[in-house]
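# A structural walkthrough
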Amino acid sequence: MKSSGDNGANVMSIGALAARFGLATHVLRHWESMGLLDPARDAGGHRRYGADDLTRVAAILIFKEAGLGLDTIRSLCATVDRATRHEILRAEAEELRSRIAAARASLELIEGGLTCEYEDVTQCPNYRRLIAEQVGSQAPAHGRARGGKPPASRGDRARPGPGRARSVQV
């Protein structure tokens, strides 16, 4: 989409627009090559960015900060159909929910390591439980006893079967 133009007022060069957002000029050129930007050109062929372009760059940055990829942003910017927009955003929301769940699991593991009283975190019952859940193992979720003795048996790991992850000895 071409900039609506400002009749020469408030137009910026690629360098000025890039500097305004703390971007390198090659980023704006890349976005243009992807169809996200379509700046006006002056008589010499130089890019000239107006108010609409400024708004578009701000929107791209907001979408990127939200975790959307450039292809998705292009699709969103290209559609005026509400149903299509919702379809795109629903898929992105589901992906984000998955990343949030993974981040929560990572945080739980890290916080468990911070509160674990064992010298060797791999012996911590909480750590072992999380590892067992991750690999789908039926391995015991207990660790070394405080007296330093290992668990009674290490041979009671679940055998991998179809669709099962191989258990990991920790």
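Residues numbered from 1 in each chain as written. Predicted model: local features only at pLDDT ≥ 70, side-chain atom pairs only at ≥ 80, totals over all residues. Heavy atoms only, no water.

Looking now at the overall build of the protein chain. Along its length, the protein chain carries six helices and two strands. Taken from N to C terminus, the helices and strands of the protein chain fall in the order α-α-β-β-α-α-α-α. With 170 residues in all, the protein chain has 23% of them scored as buried. Of all intrachain contacts in the protein chain linking residues separated by at least 6 positions in sequence, the fraction that spans at least 24 positions is 44%. (Helix = DSSP H or I, 4+ residues; strand = E, 2+ residues; numbered from the N terminus. Buried < 20%, exposed > 50% of the residue type's maximum accessible area, 1.4 Å probe, protein only. Contact = heavy atoms within 4.5 Å.)

Attention now goes to the environment of Leu 68. Secondary-structure assignment places Leu 68 in the loop between helix H3 (51-65) and helix H4 (70-78). Overall, Leu 68 belongs to the buried group, its relative accessible area being 11%.

Moving on, we come to helix H1 (residues 14-21). Because each turn of an α-helix spans 3.6 residues, side chains separated by three or four positions end up pointing in the same direction. Among the residues of H1, Ile 14, Leu 17 and Ala 18 are the ones counted as buried. One side of H1 holds all its buried residues, which, seen down the axis, span an arc of 100°. What points out from H1, more than 90 degrees from its buried face, is the exposed set Ala 19 and Arg 20. Packed against the buried residues of H1 are helix H2 (25-33), strand S2 (47-48) and H3. Two residues or fewer after H1 comes Gly 22, characterised by a positive phi angle close to 70°. (Arc of directions from axis to C-beta.)

Bringing the nonpolar core into the picture now. Residues Leu 17, Leu 28, Trp 31, Leu 37, Ile 60 and Leu 70 are the most contacted members of the largest nonpolar core, which totals 18 residues. At the level of elements, H1, H2, H3 and H4 are the ones that each hand at least two residues to this core. Setting aside anything within four residues of it in sequence, one finds Leu 70 in contact with His 30, Trp 31, Met 34, Leu 36, Ile 60 and Lys 64. (Core = buried A, V, L, I, M, F, W, Y, C linked by side-chain atoms within 4.5 Å.)

Along H2, the residues classified as buried are Leu 28, Trp 31 and Glu 32. The arc enclosing the buried residues of H2, seen along the axis, measures out at 105°, which places them on a common side. Exposed residues on H2 whose side chains face more than 90 degrees from its buried face are His 26 and Ser 33. In the core, the buried residues of H2 are packed alongside H1, strand S1 (40-41), S2, H3 and H4. In the segment just after H2, Gly 35 is the residue with positive phi, at about 85°.

To continue, consider the pattern of salt bridges. Scanning all chains against the criterion turns up eight salt bridges. Among the ionic pairs, Glu 32 bridges to Arg 41, the shortest N-O distance being 2.9 Å. A single network of salt bridges, built from pairs that share partners, joins Glu 32, Arg 41 and Arg 47. (Salt bridge = Lys/Arg side-chain N within 4 Å of Asp/Glu carboxyl O.)

None of the figures reported here should be taken as evidence of function without further support.
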